[in-house]
Amino acid sequence: MPLMTTKPMFDLAYDGGFAVGAFNVNNMEITQGIISACAAEKSPLILQISKGARKYANMRFLRHIIAAAVEEHPELPIAIHLDHGDTMDLVKACLNDGFTSVMIDGSHEPYEENVKLTAEVVKTAHPAGVVVEAELGILGGIEEHVVGVKAEEVEKFLTDPEEARDFWRRTKVDSLAIAIGTSHGAYKFKHEAKLAMDRIEQIMKTCPGLPLVMHGSSSVPQEFIDLINKYGGSMPNAKGVPEEQIYAAVTQYGVCKVNIDTDLRLALTAKIREVFATKPSEFDPRNYLGPGREAIVTMVRRKLQALNSVGKAEAVVKQWQKLGEPMPAYYKK
Ligand SMILES: [Zn+2]
């Protein structure tokens, strides 16, 4: 069962012209939709769990849902990642829950605090065989408890390339989420999306070898927004990052991991709304969660094309075997 850290994935993604999709899981249907899509496209994947997901679903349930996904697809390289960890206590809980990767997000703290917190997490996670993602710069938008800057201020808080170099050197972090003009949530931009590609390029130059991560990069597909608005919803002016821009960031600029959460929510919600509106007598949850799950499969398959990760699963498994990466201590129990 190739449950692994993100290292074998990023080793290949770094100069392989693809990125690994990191998908937020909150329940069984979402997890099944993601894993089916990745199996169909033979893509490596990261299943990520936020603090909110732990609270909503109960970690014990999530752990077993994920274990089932891993068991069902032993051929797929999978990493289990904490999304937006905010405290050492949460990180330690995840180390005990079998995560292979954790994010510590100190981006809202003063720089020195971010360095200190991240370095401490790295010192705790590495001996447990777990890798660490951190964040530098501030994103826009809002995601659960993570509140960013206003859309018009995003440019002021882009990641500074020299600071990134200093941060990496002092924390020994394994990957870095950067602020390049993206925003969390479904309302990312007032006008058209604008990613600071030159900023990615500069950070790649100051930090050669450091895998970069894009948050706030959901595409907010118009088809889902249209369905939601058609069938009783109200999401005017929702706007995301076009998939062509994600493709460019990944294939031309070397971004290694792209987080996807909002698009999963939109796909599920759009389909459920459609069923409720077109079949008002339907009351079997399988008959609306099922189509929702199918919508996730279709959306994720298209996303994997945008990430250029189609067909990369086997090579990642080979890299994992080559590294001889031990399983996190949790799995040796
Ligand atoms: Zn995020």
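Because the structure is predicted, anything quoted here is derived from the model rather than measured.

Student: Please clarify how the coordination of the zinc ion should be interpreted in this entry.
Tutor: Ideal values differ by geometry: the angle at a metal is 109.5 degrees with four tetrahedral donors, but 90 or 180 degrees with six octahedral donors. Each protein donor to the zinc ion is listed here as His84 (NE2), His184 (NE2) and His215 (ND1); together their distances run 2.1 Å. Judged by relative accessible area, His184 falls into the buried class, the value being 5%.

Student: Whenever I open this one, the pairing of strand E11 (residues 257-260) confuses me. Can you help?
Tutor: Every other side chain in a regular strand lies on the same face of the sheet, so the side chains alternate between the two faces. Because side chains alternate across E11, one face comprises the buried residues Lys257 and Asn259, and the other comprises Val258 and Ile260, equally buried. Both strand E1 (residues 20-24) and E11 contribute to a ladder of 4 bridges, which runs parallel. Residue pairing for E11: Phe23 is matched across the bridge by Ile260. Two strands pair when backbone bridges link them, and strand E10 (residues 212-214) and E11 are joined in this way by 2 bridges, in the parallel orientation.

Student: What should I look at first to understand helix H7 (residues 161-171) in this one?
Tutor: Residues that lie three or four places apart on an α-helix share one face, since the helix turns once every 3.6 residues. For H7, the set of buried residues is Pro161, Ala164, Phe167 and Thr171. Along the axis of H7, the buried positions cluster into a sector of 115°, meaning they face one direction only. For H7, the capping residue at the N-terminal end is Asp160, with a side-chain oxygen 3.1 Å from the backbone nitrogen of Glu162. Just beyond H7, the residue with positive phi is Lys172, at close to 60°.

Student: How do you make sense of the packing of aromatic side chains when you look at a structure like this?
Tutor: Geometrically, a pair of aromatic rings is defined through the distance of the ring centres and the angle of the planes. A full pass over the atoms with the stated rule returns 2 aromatic pairs. On the numbers, 6.3 Å between centres and 50° between planes, the contact of Tyr111 with Phe167 is tilted. One end of the pair, Tyr111, is in helix H6 (residues 111-125); the other, Phe167, is in helix H7, and 56 residues separate them in sequence.

Student: How should the pattern of salt bridges be read in this particular structure?
Tutor: Close approach of charged atoms lets side chains of opposite charge pair. Overall, the coordinates contain 18 salt bridges when judged by the stated rule. Its salt-bridge partner being Lys303, residue Glu243 comes within 3.2 Å of it at the nearest N-O pair. Of this pair, Glu243 sits in helix H10 (residues 243-251) while Lys303 sits in helix H12 (residues 286-306), placing them 60 residues apart in sequence. The buried category is assigned to Glu243, whose relative accessible area is 16%. Residue classification places Lys303 among the buried residues on the basis of a relative accessible area of 0%. Taking the shortest distance from any N to any O, the salt bridge between Asp284 and Arg286 comes out at 3.0 Å. Arg286 gets classed as exposed once you look at its relative accessible area, which sits at 65%. Beyond isolated ion pairs, a larger network of salt bridges with shared partners links Glu223, Glu243, Asp263, Arg302 and Lys303.

Student: Looking at this model, I keep getting lost on the packing of helix H9 (residues 222-230) against helix H11 (residues 262-278). Mind explaining?
Tutor: When two helices pack together, their arrangement is given by the angle between the helix axes and the distance between those axes. One way to put it is that H9 packs onto H11 with a least axis distance of 8 Å and a crossing angle of 40°. When the axes of H9 and H11 are compared, the crossing they make is left-handed. Residues Phe224, Ile225, Leu227 and Ile228 of H9 pack against Asp263, Leu266, Ala267, Thr269, Ala270, Arg273 and Glu274 of H11. When its residues are assigned to classes, the contact of H9 with H11 shows 7 nonpolar, 1 polar and 3 charged.

Student: Looking at this structure, how should I read the environment of Leu139?
Tutor: Along the chain, Leu139 falls in the loop between strand E5 (131-136) and strand E6 (140-143). For Leu139, a relative accessible area of 3% puts it in the buried group. A sequence separation of 28 residues divides Leu139 from Phe167, and the C-alpha atoms of the two residues are 17 Å apart.

Student: For this particular structure, what's the right way to read the environment of Val255?
Tutor: When you line up the elements, Val255 lands in the loop between H10 and E11. Judged by its relative accessible area of 0%, Val255 falls in the buried class. Placed 237 residues apart in sequence, Val255 and Phe18 show a C-alpha to C-alpha distance of 7.7 Å. Setting aside its immediate chain neighbours within four residues, Val255 contacts Phe18, Ala19, Ile200, Leu212, Met214, Ala249 and Val250.

Student: Can you walk me through the sheet that holds E1 in this structure?
Tutor: Taken in spatial order, the 8 strands of this closed barrel run E1-E2-E3-E4-E5-E8-E10-E11, and their pairing is parallel. On average, adjacent strands in this sheet sit at an angle of 25° to one another, irrespective of strand direction. As defined by bridge partners, strand E2 (residues 45-50) adjoins strand E3 (residues 78-85) across 6 bridges and the pair is classed as parallel. Pairing of Ser50 across the sheet is with Asp83, part of E3. Its contacts with the sheet put helix H5 (residues 88-96) on E3 and strand E4 (101-104), and the angle it makes with E3 is roughly 165°.

Criteria and cut-off values
Residues numbered from 1 in each chain as written. Predicted model: local features only at pLDDT ≥ 70, side-chain atom pairs only at ≥ 80, totals over all residues. Heavy atoms only, no water. Donors = N, O, S within 2.8 Å, 3.2 Å for Na, K, Ca; no water. Buried < 20%, exposed > 50% of the residue type's maximum accessible area, 1.4 Å probe, protein only. Helix = DSSP H or I, 4+ residues; strand = E, 2+ residues; numbered from the N terminus. Pairing = 2+ DSSP bridges. Arc of directions from axis to C-beta. Polar contact = N/O pair within 3.5 Å; in protein donor to acceptor, adjacent residues only side chain to side chain. Phe/Tyr/Trp six-rings, centres within 6.5 Å; stacked < 30°, edge-to-face > 60°. Salt bridge = Lys/Arg side-chain N within 4 Å of Asp/Glu carboxyl O. Axes fitted to C-alpha atoms, helices over the stretch in contact; angles between N-to-C directions. Left-handed = near helix turned anticlockwise from the far one by under 90°. Contact = heavy atoms within 4.5 Å. Nonpolar A, V, L, I, M, F, W, Y, C, P; charged D, E, K, R; others polar.

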